[in-house]
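Here is how the chains run, residue by residue.
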Amino acid sequence: MPRLGDEEQLLWEHVQMLWEIARRRETAPVRKLLHPDYSGWVTGLDKPHDFEAAVASVGPDSPRILRYRLQPLEVTVFDHEVGVVHYRYEADVEAAGGGSQTIAGRWTEVYKRRGRGWLMISVSGGPDGMR
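Residues numbered from 1 in each chain as written. Predicted model: local features only at pLDDT ≥ 70, side-chain atom pairs only at ≥ 80, totals over all residues. Heavy atoms only, no water.

J.: Would you mind going over the pairing of strand β1 (residues 34-42) with me for this structure?
T.: Working note: regular strand, side chains alternate between the two faces of the sheet. Where β1 and strand β6 (residues 117-127) come together, five bridges link them in parallel fashion. The residue of β6 that forms the bridge with W41 is S124. Here two bridges tie β1 to strand β2 (residues 49-50), and the two strands are oriented antiparallel to one another. Within the sheet, the bridge partner assigned to S39 lies in β2 and is D50. (Pairing = 2+ DSSP bridges. Helix = DSSP H or I, 4+ residues; strand = E, 2+ residues; numbered from the N terminus.)

Below, the structure written as structure tokens:
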């Protein structure tokens, strides 16, 4: 893990918290932690997605995350206002028909400070091999 300053460490902990919320499939907290004008783009898809699609991606109709591991590559906070996090992930997700499937990839996430916390404003990335 790269050496992080205090602000960067808090932002990385926020990213980890979001993964835990996704693992529990809780959409209400996600709605509060996304900027209303959020926009993201998953590698391999034809177009960016919006706020509602991001919320749905952790909801009960999405594959259940059974286990995950995150590896931060770079965490930067600009002028105490904007945060950018680049990381790799590996996750075991529930596969159709039972069992599990391992996926791995990378994300770049962009955040805007809101008080003492962070709002996600954008993501880009996704599973490896989708380009």
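J.: I would appreciate a short explanation of the packing of aromatic side chains in the present structure.
T.: Note on aromatic pairs: each is described by the distance of the centres and the angle between the planes. Across all of its chains, the model carries four aromatic pairs by this definition. Each ring, one from W19 and one from Y68, has its centre 5.3 Å from the other, and the planes form 40°; the classification is tilted. You can see W19 sitting in helix α1 (residues 6-23) and its partner Y68 sitting in strand β3 (residues 65-78), a full 49 residues away along the chain. Overall, the relative accessible area of 23% leaves Y68 in the partly exposed class. Plain terms: the ring middles of W19 and Y89 are 5.5 Å apart, the flat faces sit at 40° to each other, and that makes the pair tilted. Linking W19 in helix α1 with Y89 in strand β4 (residues 82-94), this pair joins segments that are 70 residues apart in sequence. We classify W19 as buried; its relative accessible area is 10%. Judged by relative accessible area, which is 6%, Y89 ranks as buried. (Phe/Tyr/Trp six-rings, centres within 6.5 Å; stacked < 30°, edge-to-face > 60°. Buried < 20%, exposed > 50% of the residue type's maximum accessible area, 1.4 Å probe, protein only.)

J.: What's the story with the nonpolar core in this structure? I'm lost.
T.: Nonpolar side chains tend toward joint burial in soluble globular proteins. The biggest cluster of nonpolar side chains holds 31 residues, and the ones touching the most others in it are W12, W19, L34, V85, Y87 and Y111. Elements with a minimum of two residues in this core: α1, α2 (27-33), β1, α3 (51-56), β3, β4, β5 (100-114) and β6. The element contributing the most residues to this core is α1, with seven residues. (Core = buried A, V, L, I, M, F, W, Y, C linked by side-chain atoms within 4.5 Å.)

J.: Sorry if this is basic, but what is going on with the pattern of salt bridges here?
T.: Should the charged atoms of two oppositely charged side chains come close, the side chains can pair. In the structure shown here, the tally under the stated rule is eight salt bridges. With a closest N to O distance of 2.9 Å, R31 and E52 form a salt bridge. With R31 in helix α2 and E52 in helix α3, the pair connects residues that are 21 residues apart, well separated along the chain. For R31, a relative accessible area of 38% translates into the label partly exposed. Of the charged contacts in the structure, one is a salt bridge between D92 and R67, with a shortest N-O distance of 2.9 Å. Residue D92 is found in strand β4, and its partner R67 is found in strand β3; the two are separated by 25 residues along the sequence. For D92, a relative accessible area of 15% gives the class buried. On the accessibility criterion, R67 (35% relative accessible area) is partly exposed. Ionic contacts of the salt-bridge type, sharing partners, join the residues E20, R23, R24 and E26 into one network. (Salt bridge = Lys/Arg side-chain N within 4 Å of Asp/Glu carboxyl O.)

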